Amino acid sequence: MSSALTDLFPHPIVQAPMAGGVSVPQLAAAVSEAGGLGFLAAGYKTADGMYQEIKQLRGLTSRPFGVNVFMPQPEHAESGTVEVYAHQLAGEAAWYETELGDPDSGRDDGYDAKLAVLLDNPVPVVSFHFGVPSREVLDKLRRAGTVTLVTATTAEEARAVEQAGADAVIAQGVEAGGHQGTHRDLPENDGSGIGLLSLVAQIREAVDIPVVAAGGIMRGGQIAAVLAAGASAAQLGTAFLAAQESGAHALHKQALTNPLFARTGLTRAFSGRPARGLVNRFLREHGPYAPAAYPEIHHLTSPLRKAAAKAGDAQGMALWAGQGHRMARELPAGRLVEVLAAELAEARTALSGLAGSGGERR
């Protein structure tokens, strides 16, 4: 198994790239400085916006870091479904005194321009979400000295990642917060996601490249579990969402442990693609009717989400969170890495002791 990825950071802890303003340079720098792998999220940013954040991050740390890029999406929304959903959201627009967004604001998220920046100014690691880049793209990044990762939610997708030439695969379990990184968004597959431990085991048997496990991980003991299952590192998003350096809205951070938001659910309500968030009014009212239309629905609801945040109304915000959200700890990101590493070491010691005693509890 290649160590090109794990040689970059001493602790097997990767901070998940969380788009929408959460994964700011300060957060990524703190994680990398503490011995994990910090990540910037290029999603929903312009190529220049991404470049400016990379420059800022490089001014904060000399340690390796990563940048996450969204793959362009094919047109697959059924004709008229977006218009129908827009009509259903008219009351939300009136309530928040804003207009709905333009669903035709772009499908490729500036993919080519971002790749050009990342090839001209190489970064240590680049990961991809919502699909697999071409072998040509991955080869160019490798020649530039960049380690590449691609998200997969099934063993079949992981094989496609390996065949394309990526250096490692991110196994994203259904427990993960935010968008599921499925390569094809098929409504008939809604609700069929695989739990992380099962997924890691399946992917380890399917591919030879390293696996980074992602989904619901909040404690060092869970990191030990996925490493024991065959992963080379663990990727944590929600755990860092509450960190002091996180760019998440204060209401979002508070909601993670607020008893009003007792559970999470997968929904298309905010973006048109399955994403896990805290169940709130918007998700309950609109989730059942939201069409499979990403990124059209993302663009459509963007002004609503911003207006809800401005109004201090968490019930109208996209509160992305994984299933372990109630275990969130409001710590500085660097301190959180240290705590997770200590918990991991303790768990490994306990496992070694158990193995040494023949597997019997004393």
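The structure this text deals with has already been given above.
Because the structure is predicted, anything quoted here is derived from the model rather than measured.

**As for the overall build of the protein chain**
Within the protein chain one finds 14 helices and 11 strands. Since a compact globule built from 362 residues should have a radius of gyration of about 21 Å, the 20 Å found for the protein chain is in line with a globular shape. Taking the principal axes of its C-alpha atoms as reference, the protein chain extends roughly 65 × 50 × 40 Å. Per-residue burial for the protein chain yields a buried fraction of 56% across its 362 residues. In the protein chain, the share of contacts with a sequence separation of at least 24, taken over all contacts with a separation of at least 6, comes to 69%. Carbon and sulfur atoms provide 50% of the accessible area of the protein chain, an area that totals close to 15200 Å².

**Notes on the layout of surface pockets**
Looking at the second largest pocket, its volume works out to about 610 Å³. In terms of lining residues, the second largest pocket is bounded by 25 residues, among which T182, L186, N189, D190 and S192 are the most central. Contributions of two or more residues to the lining of the second largest pocket are made by helix 7 (155-164) and strand 10 (264-267). For the lining of the second largest pocket, the class distribution of residues is 7 nonpolar, 12 polar and 6 charged.

**Overview of the pattern of salt bridges**
All chains considered together, the criterion is met by 12 salt bridges. Residue R107 pairs with E296 through a salt bridge whose shortest N-O separation is 2.4 Å. Placement of R107 in the loop between helix 4 (90-95) and helix 5 (111-120) and of E296 in helix 13 (residues 296-310) is noted, with a sequence separation of 189 residues between them. Across the pair, exposure class does not vary: R107 and E296 are buried alike.

**Brief notes about unusual backbone geometry**
The phi angle of most residues is negative, glycine excepted, and most peptide bonds adopt the trans form. At the junction of Y294 and P295, the peptide bond is cis and its omega measures out at 10 degrees in the coordinates. Relative to the assigned elements, P295 resides in the loop between helix 12 (281-286) and helix 13. Here Y44, not a glycine, exhibits a phi torsion of approximately 70 degrees, which is positive. With respect to the helices, strands and loops of the structure, Y44 is situated in the loop between strand 2 (38-41) and helix 2 (47-60). Judged by its relative accessible area of 32%, Y44 falls in the partly exposed class. Positive phi values are uncommon outside glycine, yet E97 reaches one of about 55 degrees. With respect to the helices and strands, E97 occurs in the loop between helix 4 and helix 5. The exposed category is assigned to E97, whose relative accessible area is 73%.

**A look at a negative patch on the surface**
On the surface, a cluster of negative charge is made up of E75, E83, D102 and D104. Summarising the element assignment, D104 is placed in the loop between helix 4 and helix 5.

**Details of the sheet that holds strand 11 (residues 275-278)**
If you walk across this open sheet you meet the 3 strands as 7-11-10, and the pairing is antiparallel. The open sheet has two free edges, formed respectively by strand 7 (178-179) and strand 10, since each of these has just one partner strand.

**As for the packing of aromatic side chains**
With the rule as written, the count across this model stands at 6 aromatic pairs. Between F270 and F282, the aromatic rings sit 4.7 Å apart at their centres with planes inclined by 20 degrees, giving stacked as the arrangement. Of this pair, F270 sits in the loop between strand 10 and strand 11 while F282 is found in helix 12, placing the two residues 12 residues apart along the sequence. A single burial state applies to F270 and to F282, both of which are buried.

**Points about the side chain of T264**
Topologically, T264 is positioned in strand 10. The class for T264 is buried, based on a relative accessible area of 12%. Within the structure, the side chain of T264 is placed 3.1 Å from the side chain of R276, a separation counted as a polar contact. The residues touching T264, leaving out its near neighbours within four places in the chain, are R276, G277, L278, V279, A321, G322, Q323 and H325.

**Looking at the sheet that holds strand 5 (residues 147-152)**
In spatial order, the strands read 1-9-8-6-5-4-3-2; together these 8 strands make up an open sheet with parallel pairing. With one partner strand each, in any of the chains shown, strand 1 (13-15) and strand 2 form the two edges of the open sheet. Mean inter-strand twist for the sheet, computed between neighbouring axes without regard to direction, equals 25 degrees. One ladder, built from 3 bridges, connects strand 8 (residues 211-214) with strand 9 (residues 233-236); its direction is parallel. Across the sheet, residue V212 finds its bridge partner in strand 9, namely A233. Strands in contact with helix 1 (residues 25-33) are strand 1, strand 2 and strand 3 (65-70); relative to strand 2, the strand with the most contacts, it is inclined by about 160 degrees. Against the sheet, helix 8 (residues 196-206) touches strand 5, strand 6 (168-172) and strand 8, its axis set at about 150 degrees to strand 6.

Calculation criteria
- Every residue gets a number counted from 1 within its own chain, in the order that chain's sequence is written.
- Reporting in this predicted model follows two pLDDT cut-offs: at least 70 for local features of residues, and 80 or more for side-chain atom pairs to be given and counted; totals over whole chains, interfaces and linings ignore these cut-offs and use all residues.
- As a convention, hydrogens and water are excluded, and side-chain values are obtained from all of the structure's heavy atoms.
- Helix and strand assignments come from DSSP, with helices taken as H or I runs of at least 4 residues and strands as E runs of at least 2, each series counted from the N terminus.
- This radius of gyration counts C-alpha atoms alone. The globule rule is 2.2 Å times how many residues there are, raised to the power 0.38.
- Any residue under 20% of the maximum accessible area for its type is buried, any over 50% is exposed, and the rest in between are partly exposed; the area is computed with a 1.4 Å probe on protein chains only.
- Contact definition: two residues touch when any of their heavy atoms are within 4.5 Å.
- Residue exposure ignores everything except the shown protein chains as possible cover, and the areas themselves are Shrake-Rupley values with a 1.4 Å probe.
- Here a cavity denotes grid points, spaced 1 Å and computed from the protein atoms alone, that fit a 1.4 Å probe unable to get out, and a pocket denotes an open set having protein on both sides within 12 Å along at least 5 of 7 lines; residues with an atom within 4 Å of a point are the lining.
- Grid points are joined across faces, edges and corners, and a volume is the space filled by probe spheres set on the points.
- For this classification, the nonpolar set comprises Ala, Val, Leu, Ile, Met, Phe, Trp, Tyr, Cys and Pro, the charged set comprises Asp, Glu, Lys and Arg, and every other residue, Gly included, is treated as polar.
- Only one rule defines a salt bridge in this text: a Lys or Arg side-chain nitrogen within 4 Å of an Asp or Glu carboxyl oxygen.
- For patches, a residue must show more than 30% relative accessible area and have no salt bridge; joins then use 9 Å for like charges and 5 Å for nonpolar side chains, namely Val, Leu, Ile, Met, Phe, Trp and Tyr.
- His is not counted, nor are the chain ends; Lys and Arg add positive charge and Asp and Glu add negative charge.
- Charge positions are represented by NZ for Lys, CZ for Arg, CG for Asp and CD for Glu.
- Note on pairing: two strands pair once DSSP finds at least 2 bridges between them.
- Pairing of aromatic rings covers Phe, Tyr and Trp, the last through its six-membered ring, and needs centres within 6.5 Å; plane angles under 30 degrees mean stacked, over 60 mean edge-to-face, and all others mean tilted.
- The term polar contact refers here to a pair of N or O atoms within 3.5 Å; inside protein, the definition further demands a hydrogen-donor-capable atom paired with an acceptor-capable atom, and it admits residues adjacent in sequence only when both atoms are side-chain atoms.
- Each axis is a line fitted through C-alpha atoms, taken for helices only over the stretch in contact, and angles between the N-to-C directions span 0 to 180 degrees.

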